[in-house]
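# Structural features, examined
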Amino acid sequence: MMRGATGTVMKAISKRRSHRQQWRIFECIAMILLDGTLIAAAFSLAYYVRFYILGNSSLVKAIHNNLNGNSLPNAGSFKLTPLSSFAPLEIGIVIGLIAIFTLRGLYNIRLTGTWFRQIITIASSATTGLAILITYFFVFQPPSSSRLIVPFVWAMAIAILSVGRLIVSAAMGMLYRLGLGETRLLVVGSGRLGKIIMQHIAANPNLGYSIVGFLHDMNEPPSDFGRFKMLGTLEDLGLVIRSMQVDEVIIALPSHLHEQSIRSVRLCERFGASFKLVPDLYELSLSRIDMETVEGIPLLAIKQVSLNSFQRLITRLVDISLSVLIIILGSPLWLCIALVIRLSSSGEVIYKQTRIGWNGRPFKVYKFRSMYKNADHVLAALWTKNEAQGPLFKMKEDPRITPIGKFLRRTSFDEFPQLINVIKGDMSLVGPRPPLPHEVAQYEEWQKGRLAIKPGMTGLWQVRGRSDISFDEGVLMDLYYIENWSLRLYFQILLRTIPAVLFSRGAY
């Protein structure tokens, strides 16, 4: 009976895998046809720009005369060449670019979540094609007036293909968000590495992955990790692949479990699940790893990290500039909020509270008051109704919050007086949220790492879910930001804060 049930499950897995392979082939063919169509469209647009928009341009005439060896001012007068005469060149460019795209691995890149990488590949491939065409014209010197159209085709192809890939990526992302065509993913490993992998994948649903859960590696007491379910231990890998119909496995085990990693790979091969290995290099940030090869031998180096003086100066200038700008532009709104708070309940308008900042230094944080007066005194009586994990206290229906306070918290307007903290230098616009002293007193040693930089008004924790995310998940996100700090990540979080605030994700 068990053998029959197992056979049925394996047939279902095999059928699902076959469908995925067929879909991958269809996707590749569809993208080749789409790219061919877009390149042809780029050629037509380049022809229109060259002959109809810039045909009589003195600059184009000068370049045309130089290419054809004409030195007289009136030589090489404008002559409209029909588009049909460029058909051989157009076909050659379409076939040539698709061939270069294939050789450069463009059709092996995932369509979602990799737009920038796709654009780099498209631009470099188009530039290679341009160089080949220029070399051809220079060596063989064909009697043609088509040379000047080539740079126009190069520019148009990059622009149109980039926009096309962006549209395809957005469309595929929407399908994935609706649950169509998702890849069922299992993470092997419950350590910090595995948890970070799950967080990043869950935060990017447009990648098309659906995390079914993770397997515990026995380095700590077994339990779920926030929204991620523990499905068993490493010994249960084969059973979980079959029962959960897993498409792909990410193996994120610590280095001392090397043999278990090898065993997991073999089980994935046996049950037909694709897999990826995440190296555990003493828990170093993977973005700090620089790899090169010497005669095929991989050599790993660790990039020096952290904020240098120039980076600190840039972030400080951005912090101050944006804070002053928001305070000035939003002053009418802030005055209205202050007036409503004053009229709706007794107590001060600006609430001051001691928080812990950079390297454990206490400071006073400013907020619009969103609770009734003396709300801190009744906290102990409400602690049994706490809905958060760890040292945090969260209640969706907290009776201490005033009616206007609910609006302020949902819109995050209550936190805008913290711009004063940013200007004073106690906080940054981006960073871990400043904890309360009694929260820090309950921190485990690894959690204290979030105090290594200035606290911020927003951060990865806030843009990825805020109150919907467990405390341990949030701390890992803060540590990831600290270990992977860059100006690019800083500005990415600032930009992603806008939709997070507008749609009130995880706010209460």
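Residues numbered from 1 in each chain as written. Predicted model: local features only at pLDDT ≥ 70, side-chain atom pairs only at ≥ 80, totals over all residues. Heavy atoms only, no water.

Confidence in the prediction for the chain averages 81 pLDDT; 82% of positions are at 70 or higher. A low-confidence stretch, residues 71-76 (pLDDT under 50), is modelled with seven contacts involving residues beyond four sequence positions or located in other chains. (pLDDT = per-residue confidence, 0-100. Contact = heavy atoms within 4.5 Å.)

Looking now at the pattern of salt bridges. The full count for this structure, using the stated rule, is ten salt bridges. For the salt bridge of Arg433 with Glu415, the shortest nitrogen-to-oxygen distance reads 3.7 Å. Of the two residues, Arg433 is situated in the loop between β10 (428-430) and α14 (437-441) and Glu415 in the loop between α12 (403-411) and α13 (418-424); the sequence distance between them amounts to 18 residues. Summarising the burial analysis for this pair, Arg433 and Glu415 share the class buried. The partner of Asp478 in a salt bridge is Arg450, with the nearest N and O atoms 2.8 Å apart. (Salt bridge = Lys/Arg side-chain N within 4 Å of Asp/Glu carboxyl O. Helix = DSSP H or I, 4+ residues; strand = E, 2+ residues; numbered from the N terminus. Buried < 20%, exposed > 50% of the residue type's maximum accessible area, 1.4 Å probe, protein only.)

As for its position among the elements, Gln447 is in the loop between α14 and β11 (456-458). Of the polar contacts made by the side chain of Gln447, one reaches the backbone nitrogen of Glu444; its length is 2.9 Å. Contact partners of Gln447, with chain neighbours within four places excluded, come to Gln442, Phe471, Asp472 and Val475. (Polar contact = N/O pair within 3.5 Å; in protein donor to acceptor, adjacent residues only side chain to side chain.)

Before going further, it helps to examine the nonpolar core. In terms of nonpolar packing, the biggest core is built from 35 residues, with Ile39, Phe43, Leu89, Ile93, Phe101 and Ile149 touching the most fellow members. Contributions of two or more residues to this core are made by α1 (2-53), α3 (87-103), α4 (115-140) and α5 (149-177). By residue number, the principal contributor to this core is α5, which donates nine residues. Residues in contact with Ile93, not counting those within four places in the same chain, are Ile39, Phe43, Leu133 and Val153. Of all hydrophobic cores here, the second largest spans 30 residues; its members include Leu392, Met427, Ile453 and Tyr481. (Core = buried A, V, L, I, M, F, W, Y, C linked by side-chain atoms within 4.5 Å.)

Glycine aside, a negative phi is what most residues show, and trans is what most peptide bonds show. Phi at Gln245 takes a positive value of approximately 50 degrees, unusual for a residue other than glycine. Relative to the helices and strands, Gln245 resides in the loop between α7 (237-243) and β4 (248-251). Non-glycine residue Ser412 carries a positive phi angle of around 70 degrees. Inspection of the secondary structure assignment puts Ser412 in the loop between α12 and α13. For Ser412, a relative accessible area of 7% translates into the label buried.

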